[in-house]
Amino acid sequence: MILFNYIASFFLIILGFYTIVTKTNLVKTVIGLSIADYGVNLLIISIGFNPGGTAPIFTWGELNPASFFVDPIPQALTLTSIVIGACVTAMSLSLVMKLREQYGTIDTREIRRLRG
Amino acid sequence: MSIVMSALQYLGYILIFPGFLFCFLAGLLLCGIDRKLVAKMQKRVGPPILQPFYDFFKLCGKETIIPAAASSKTVFLMAPLVGLASLVVLQLFIPVFNFTAFSGMADIIVILYLLLIPALANILGGAASGSPYAGVGLSREMVTIIACELPLVLVLLSVGKAVGSATGEGLTFSFSSIMAYQAAHGSLILKASMIPAAVAMLMVIPGETGSHPFDAAEAETEICEGLLAEYSGPPLGIFKLSHAIKMLTMTSLFVALFLGGIGGGIESLVALAGLSGAAAGGVSVLLEAIVLFLLCVVLTVVCISFVHAVTARLKIEQIFKFYWTVASGLALISLVLAWYGL
Amino acid sequence: MMTSLYQHFPIFSIMVLFLGAFLIVLFGNVKPLRHAIALLAVTASLGFLIALVKPVMLNGEIIAYWMGARAPAGGYAIGIALEVDALSLFFGLLIATAVFVSCVYSIQYMRFDDNVGQYYTLFLMLAGGVMGLVLSGDLFNMFIMVEILTFAAVALTAFRNTAKGALEAAFKYLVVGCMGSTCILTGTIMLYAQAHTLNFAQLSAFIPGHMNTATVVAFALLYIGFSTKAFIVPFHPLAADAHGAAPASISVLISGVLTKSGIYGIIRLSYFLFQTMNLGTMQFILVFMGSVSMFVCVTMALAQHDFKRLLAFHSISQIGYVLTAVGLCTAMGVSSGLYHAMNHTLFKGLLFLAAGAVLQQTGTTDLGKLGGLSKKMPWTTALFLVGAFSISGIPPFNGFASKWMVYQSIYYKAVESGNIGFVFVTIIALVTSVLTLASFVKVSQSVFFGRLPKEYENVTEVPWGMRLAMSLFAILCVLTGLFPNVVTTYLTQPAANAVFNVANYINAMLGSGYAESVMGAAAPAAQAVTYVEVGLWQPVSWLLLLIIALLAVTIVAIAGKYDSVSESAAPADSKYDLFFGGEESVYSQVGGEDLFWGFKHNWRGYFNFMHELHSGIVNDYALWAVVALALVTLYMLIVF
């Protein structure tokens, strides 16, 4: 079943990139970045998953060789990644707002004073 | 005692041969011969051969005017001096037959870059004068440099490869191995694969020295000598001198790259004449200088005077096209041939 | 295990920067305190790294530092590690130097801006991010640091958000930069799925023996991710936008430091993690992307009409040299590539600072509007010329020394491998160099020489602090050019040796014998690294000769009335007017983007095509990134 997660996560990443490449609305570009980010998060979580494993939360002495749990490292990585994703969204949306103020549009085809 | 002697010797190299005095005399003489020959070919009487000397000394007696619009006085005045000094130092690195003053300090790729310094001094001096003519001249001078660079690079790479594969090093850029190879196996121009490169190099000589038909950068009739438009007096004289010396530099570079191996003959001639020790050294250096100068004269006549007499000035984009197609094509042939060991 | 004090220095040099950033948030409203904290942080960071030169560079020690002393247990490296070998330290020193000079410059450069406290916070975050990236021994931490530095760089690019194009550049950089970061994270996690470790040394021991489709795709993702950080083609338009729009002190960091972090990542990936550099196909892709960057960006630079944008394109062109040299996989190649990377930081920093000085005094960097500034800003002009000569490779400045080594190594590689393709790379490199010279002649003429426009009659020289910062870079440019042997012996060759001794890197982290036990016969043996030089160049002797010759010429010239110049006493004297063919003299400045018309005319098809291609639309740049990713992945899947 975990295979579906992998397929879905790569699908999300590709969908995100597709959105960035094709959509000319800056807000949609930001959404594309987020979608790609969610895809990566899904991938990370799926990689750490062990079928039948428990949550990797133990107190002192509880941990023994027989305990079977999901890999905790990817979960930590996901948390970091989610935080970074939130930062990306916040930062890019604030830039979009400023761009709207300066250029009067959020169409990528018109925001091209720097070129050549 | 020996330190003093060697210091004196090096000072001699710098100041007399192959440094200042030789450059000064040979360069201006080449320039005079060139002017005279062009005149003869065009059925004019022409100036006396010593005319460049007269011109130089006359200019040195004139007033130096700095235009009020000049953006940097220092650069305007220093540029000619730096250009001349760097050319003279460059001349020290180019080996004269087997006589190597300082050739162990730089290889052929370094020479490629050192050649840029006099041109750059010229450009910056002109730019500092603030004249729009200099602006146009600067643009054309730089494009000429770009144009000449590609064939020159190809020529140098093919020489490096040809000598390297013949000596078993695989590759060399050092002048001393090129000279040693030529002394042992005869001049490089005798190799069939190097002939296109030599022809390309002959084409580069007038471009680098800025003579007809590649003199769009200083077209007198059109942009009033371009970079030199605002120069007068001694700085102008020094630029003219540098220009003359550059003829010597380029032709002697050609001799070093393609016509080496003649010096050995001269030394054996001197030895045959029964001289030995310091006297033999002195005589052979003198003879070498004379032979070198004669070779340079021949090359100047072939590449500069003759071409000058029969062609009209090209436009700058034509110069560029010529070098990046014809000259580079020839040099590329040599490079590919040398690459496959022919 | 007894740890010496200096083993803590790597983490100190990262933490002081972040600590400084934090303190500036608290106390940044007080101007002197803010400057003191920033200067102290960058100086301390530089100091800690300099203290490491002796053990790491000279004694060849590799510092493996486990945060909280969590050393690996049971063969699994759980803790977070820093690992500092000569390569890391080399880049660390480079970064610390650039950050230090840029900080000195900022004090007076940013004095008219609002919210300078936030500027310094972001500045130190950026510095700390890059420092953390190069000193980290952990793939995931590298990703975190990449994100921190990308964020700080984006925010700083948009810092002067009223400047032309700043927001636009920041947004484009953010979009493509985040795509790159996503690639890095995906690649990292795919490697984790294979090896169940994030420790760099352990990954390096595990992966070469376990190459499969997943690791190859991960490699392609990581490679493209770090390429976006190095801004090599096809990511160069972002660099151009971001460098051009950011304040000059930040452009120094983006061009001198961020691009280096990308190069560092690529070296770590291809030489350490996957150890694929000995394959011709892998060399091909690095050399190919390097040469294309080199050439495309120098021609793009020739067509620019903005000073900083021109510098930005040159920056990527020089990174192309570095990548090409590094991609040769010869000792000389890596050493010369690192040398050029170092020089690039120095001279490009100097040039950006000079551009910043011009921007501050005149309010514009448009080449078509400026001119004749050397009359008003002689110091800046002189320092700019040092930088321009360095980047164009005019002897004896540093750009020449490293470029000359790069040519030698490429051409020698060509001869050694018998592959004629490298000959053309050599030719491209040499031609790129002269085109670089051409565009800096254009800048000299358009900005510093030529005629001074009327509106800049009252321009003055920049304050001493900015000149000091520029002079620091200029002095380093001259010194590293004059003593190439010292630089190669003490800096670049130890770093190159580290690159070719991966087993040492692994064993230093995980105990000696680890690499051999995991990798078996495939363990990379310690190599005797040899450096082949096929030419010679003695800059000091040359300079001595030039000085003697110049003295001689000057003496003769002064004896010959050279100094008896006559200058305009009364402004009305027409003798001192410019020559205008008999007409009355008028203001006329030749300069701007089309200065080398004769060259561009022959290549007009190419230039028009390039102009159309760099459309400025963020979708296009994103498309390039995706296409590059797809192509590289496909290529890697085919060849491995």
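**A closer look at the overall build of chain A**
Part 1 of the reasoning: Along the backbone of chain A there are three helices and zero strands.
Part 2 of the reasoning: Counted from the first residue to the last, chain A has its helices and strands arranged as α-α-α.
Part 3 of the reasoning: In summary, chain A has a C-alpha radius of gyration of 20 Å against a globular reference of 13 Å for 116 residues, an excess of more than 25%.
Part 4 of the reasoning: Principal-axis analysis of the C-alpha atoms places the extent of chain A at approximately 60 × 30 × 20 Å.

**Structural notes on the overall build of chain C**
Part 1 of the reasoning: Secondary structure assignment for chain C yields 25 helices and three strands.
Part 2 of the reasoning: With the principal axes as the frame, chain C shows a C-alpha extent of 90 × 60 × 50 Å.

**Considerations on the interface of chain C and chain B**
Part 1 of the reasoning: Listed by partner, the interface residues are 74 residues for chain C and 74 residues for chain B.
Part 2 of the reasoning: Looking at the side of chain C that touches chain B, the elements with two or more residues in it are α15 (378-392), α16 (398-417), α17 (421-448), α22 (539-559), β3 (565-566) and α23 (597-602) of chain C.
Part 3 of the reasoning: By residue number, the principal contributor to the side of chain C that touches chain B is α17(C), which donates twelve residues.
Part 4 of the reasoning: Of the residues contributing to the side of chain C that touches chain B, the split by class is 44 nonpolar, 23 polar and seven charged.

**Quick look at the environment of C:Y490**
Part 1 of the reasoning: Here C:Y490 shows up in helix α19 (residues 484-499).
Part 2 of the reasoning: Counting along the chain gives 146 residues from C:Y490 to C:H344, while the straight-line C-alpha distance between them is 18 Å.

**Observations concerning unusual backbone geometry**
Residues and elements named next belong to chain C.
Part 1 of the reasoning: Omega for the bond connecting V233 with P234 falls within 30 degrees of zero, at 10°, which places this linkage in the cis form.
Part 2 of the reasoning: Here P234 is to be found in the loop between α9 (213-230) and α10 (236-245).
Part 3 of the reasoning: Residue P396 is bonded to the preceding P395 through a cis peptide linkage, with omega at 0°.
Part 4 of the reasoning: The topology assignment puts P396 in the loop between α15 and α16.
Part 5 of the reasoning: Positioned with a positive phi, F231 is a non-glycine residue whose angle comes to about 60°.

**Considering the interface of chain C and chain A**
Part 1 of the reasoning: Taken residue by residue, the interface counts 37 residues in chain C and 34 residues in chain A.
Part 2 of the reasoning: Looking at the side of chain C that touches chain A, the elements with two or more residues in it are α6 (139-157), α7 (166-195), α10 and α25 (618-639) of chain C.
Part 3 of the reasoning: It is α7(C) that provides the largest number of residues to the side of chain C that touches chain A, a total of 15 residues.
Part 4 of the reasoning: When the residues that make up the side of chain C that touches chain A are grouped by side-chain class, the tally is 23 nonpolar, ten polar and four charged.

**A look at the packing of helix α1 (residues 2-22) of chain A against α7(C)**
Part 1 of the reasoning: At a closest axis distance of 12 Å, the pairing of α1(A) and α7(C) adopts a crossing angle of 165°. Regarding the angle of α1(A) to α7(C), the classification is roughly antiparallel. Of the two elements, α1(A) crosses α7(C), and the hand of that crossing is left-handed. Between α1(A) and α7(C), the residues in contact are A:I13, A:F17 and A:I20 and C:V175, C:M179, C:T182 and C:T186, respectively.

**Regarding the environment of C:V130**
Residues and elements named next belong to chain C.
Part 1 of the reasoning: Counting through the fold element by element, V130 comes out in helix α5 (residues 116-135).
Part 2 of the reasoning: Overall, the presence of 32 C-beta atoms within 10 Å leaves V130 in the buried class.
Part 3 of the reasoning: The contact partners of V130, leaving out residues within four places of it in the chain, are I95, L149, V257, L258 and S261.

**A few points about the packing of helix α7 (residues 132-167) of chain B against helix α14 (residues 316-339) of chain B**
All names here are of chain B.
Part 1 of the reasoning: It is at 8 Å that the axes of α7 and α14 come closest, and there the two elements cross at 5°. Classified by the interaxial angle, the pair formed by α7 and α14 is roughly parallel.
Part 2 of the reasoning: Partitioning the contact of α7 with α14 into residue classes produces 20 nonpolar, four polar and two charged.

**Details of the environment of B:A256**
Residues and elements named next belong to chain B.
Part 1 of the reasoning: With respect to the helices and strands, the residue A256 is situated in helix α11 (residues 233-258).
Part 2 of the reasoning: Between the alpha carbons of A256 and I304 there is a distance of 18 Å; along the sequence they are 48 residues apart.
Part 3 of the reasoning: Those residues in contact with A256 that sit more than four places away from it in its chain are I94, P95 and F175.

**What to know about the pairing of strand β2 (residues 81-84) of chain C**
All names here are of chain C.
Part 1 of the reasoning: Neither face of β2 is left uncovered, since the one carrying A81 and E83 and the one carrying L82 and V84 both have all their residues buried.
Part 2 of the reasoning: Where strand β1 (residues 63-66) and β2 come together, four bridges link them in antiparallel fashion. Bridge pairing in β2 places I63 opposite V84.

**Some thoughts on the nonpolar core**
Part 1 of the reasoning: One finds C:L126, C:L350 and C:L353 to be the most contacted residues of the largest nonpolar core, which totals 407 residues.
Part 2 of the reasoning: Ranked by residue count, the leading element in this core is α7(B), at 20 residues.
Part 3 of the reasoning: The residues touching C:L126, leaving out its near neighbours within four places in the chain, are C:L149, C:A152, C:A153, C:L156 and C:L253.

Thresholds, definitions, all that
- Residues numbered from 1 in each chain as written.
- Chains lettered and ligands numbered in written order.
- Predicted model: local features only at pLDDT ≥ 70, side-chain atom pairs only at ≥ 80, totals over all residues.
- Helix = DSSP H or I, 4+ residues; strand = E, 2+ residues; numbered from the N terminus.
- Rg over C-alpha atoms; globule rule 2.2 N^0.38 Å.
- Contact = placed C-beta atoms within 7 Å.
- Nonpolar A, V, L, I, M, F, W, Y, C, P; charged D, E, K, R; others polar.
- Axes fitted to C-alpha atoms, helices over the stretch in contact; angles between N-to-C directions.
- Parallel < 35°, antiparallel > 145°, perpendicular 65-115°, else oblique.
- Left-handed = near helix turned anticlockwise from the far one by under 90°.
- Buried ≥ 20, exposed ≤ 12 C-beta atoms within 10 Å, placed from the backbone.
- Pairing = 2+ DSSP bridges.
- Core = buried A, V, L, I, M, F, W, Y, C linked by C-beta atoms within 7 Å.

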